[in-house]
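Spelled out from the first residue to the last, the chains are:
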Amino acid sequence: QVQLVESGGGLVQAGGSLRLSCAASGSIYSLNDMDWYRQAPGKQRERVATITGGGRTNYPDSVKGRFTISRDNAKNAMYLQMNSLKPEDTAVYYCHALIRETARTRQDDYWGQGTQVTVSS
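Residues numbered from 1 in each chain as written. Predicted model: local features only at pLDDT ≥ 70, side-chain atom pairs only at ≥ 80, totals over all residues. Heavy atoms only, no water.

Trainee: Help me get a handle on the sheet that holds strand β8 (residues 77-82), residues and values and all.
Mentor: The four strands are arranged β1-β3-β8-β7 in an open sheet whose pairing can be described as antiparallel. Strands with a single pairing partner mark the edges of an open sheet, and in this sheet they are β1 (3-7) and β7 (67-72). Neighbour-to-neighbour, the strand axes of this sheet turn through a mean angle of 15 degrees, independent of strand direction. (Pairing = 2+ DSSP bridges. Helix = DSSP H or I, 4+ residues; strand = E, 2+ residues; numbered from the N terminus. Axes fitted to C-alpha atoms, helices over the stretch in contact; angles between N-to-C directions.)

Written out as structure tokens, the structure reads:
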């Protein structure tokens, strides 16, 4: 069974940096597009970064220039470098990936359990 596990969250002051990691494990035939999402209390979950299997990246304007997504295909891992953090970046951050478990199965959505990021002013 495939699992995604995030790490690296914590408490940081405004203007600081954090690096989140997401490790995929289990039966993985192919690891395709991967994303980071976040959800603040009382708000909808929003996408903050995407990286395709080929390494193309995409960000919403709210984090562009501050966040950088990357991946290590050899390790089935993904990262999110967050710089110049703001209090409004406070949220639970989730790892998401499109994964095929075998050559014969279609790709499915997988989510991590989330990691808390708190930015103090």
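Trainee: Tell me what's going on with the pairing of β8, and back it up with residues and numbers.
Mentor: The buried fraction of β8 amounts to five of the six residues, a majority that puts the element mostly inside the structure. Sheet analysis places strand β3 (residues 18-25) next to β8, joined by six bridges and oriented antiparallel. For Ala-23, the partnering residue across the bridge sits in β8 and is Ala-77. In terms of strand pairing, β7 meets β8 through six bridges, oriented antiparallel. Paired with Arg-71 across the two strands is Met-78, which belongs to β8. Counting the residues that bridge the hairpin from β7 to β8 gives four residues, and of these Asn-76 lies at a positive phi of roughly 50 degrees. (Buried < 20%, exposed > 50% of the residue type's maximum accessible area, 1.4 Å probe, protein only.)

Trainee: Describe in detail the pairing of strand β5 (residues 46-51), supporting the description with residues and values.
Mentor: Pairing of strand β4 (residues 30-39) with β5, which is carried by five bridges, proceeds in the antiparallel orientation. Looking at the pairing, Tyr-37 lines up with Arg-47 of β5. From the end of β4 to the start of β5, which pair antiparallel, there are six residues, and Gly-42 there has a positive phi angle of about 75 degrees. Taking the residues between adjacent antiparallel strands as the criterion, β5 and strand β6 (residues 57-58) are bridged by five residues, where Gly-55 takes a positive phi near 95 degrees.

Trainee: Got a sec to walk through the state of the cysteines? Specific residues and values, please.
Mentor: For the structure on display, the rule yields one disulfide. Here Cys-22 is linked by a disulfide to Cys-95, with a sulfur-sulfur distance of 1.9 Å. When the S-S torsion is -65 degrees, as for the bridge of Cys-22 with Cys-95, the disulfide is left-handed. With Cys-22 in strand β3 and Cys-95 in strand β9 (residues 91-100), the pair connects residues that are 73 residues apart, well separated along the chain. A relative accessible area of 1% means that Cys-22 is categorised as buried. (Disulfide = S-S within 2.5 Å.)

Trainee: So, the nonpolar core: which residues are in play, and what are the values?
Mentor: Note on soluble globular proteins: their nonpolar side chains tend to be buried together. In terms of nonpolar packing, the biggest core is built from 30 residues, with Leu-4, Trp-36, Ile-69, Met-78, Leu-80, Met-82 and Tyr-93 touching the most fellow members. Residue contributions to this core peak at five residues, all from β9. Other than its neighbours up to four places away in sequence, Met-82 contacts Gly-16, Ser-17, Leu-18, Leu-20, Arg-66, Phe-67, Tyr-93 and Val-117. (Core = buried A, V, L, I, M, F, W, Y, C linked by side-chain atoms within 4.5 Å. Contact = heavy atoms within 4.5 Å.)

Trainee: Tell me what's going on with the side chain of Arg-66, and back it up with residues and numbers.
Mentor: Tracing the backbone through its elements, the reader meets Arg-66 in the loop between β6 and β7. Discounting residues that sit within four places of it in the chain, Arg-66 has contacts with Gln-81, Met-82, Asn-83, Ser-84, Leu-85, Lys-86 and Asp-89.

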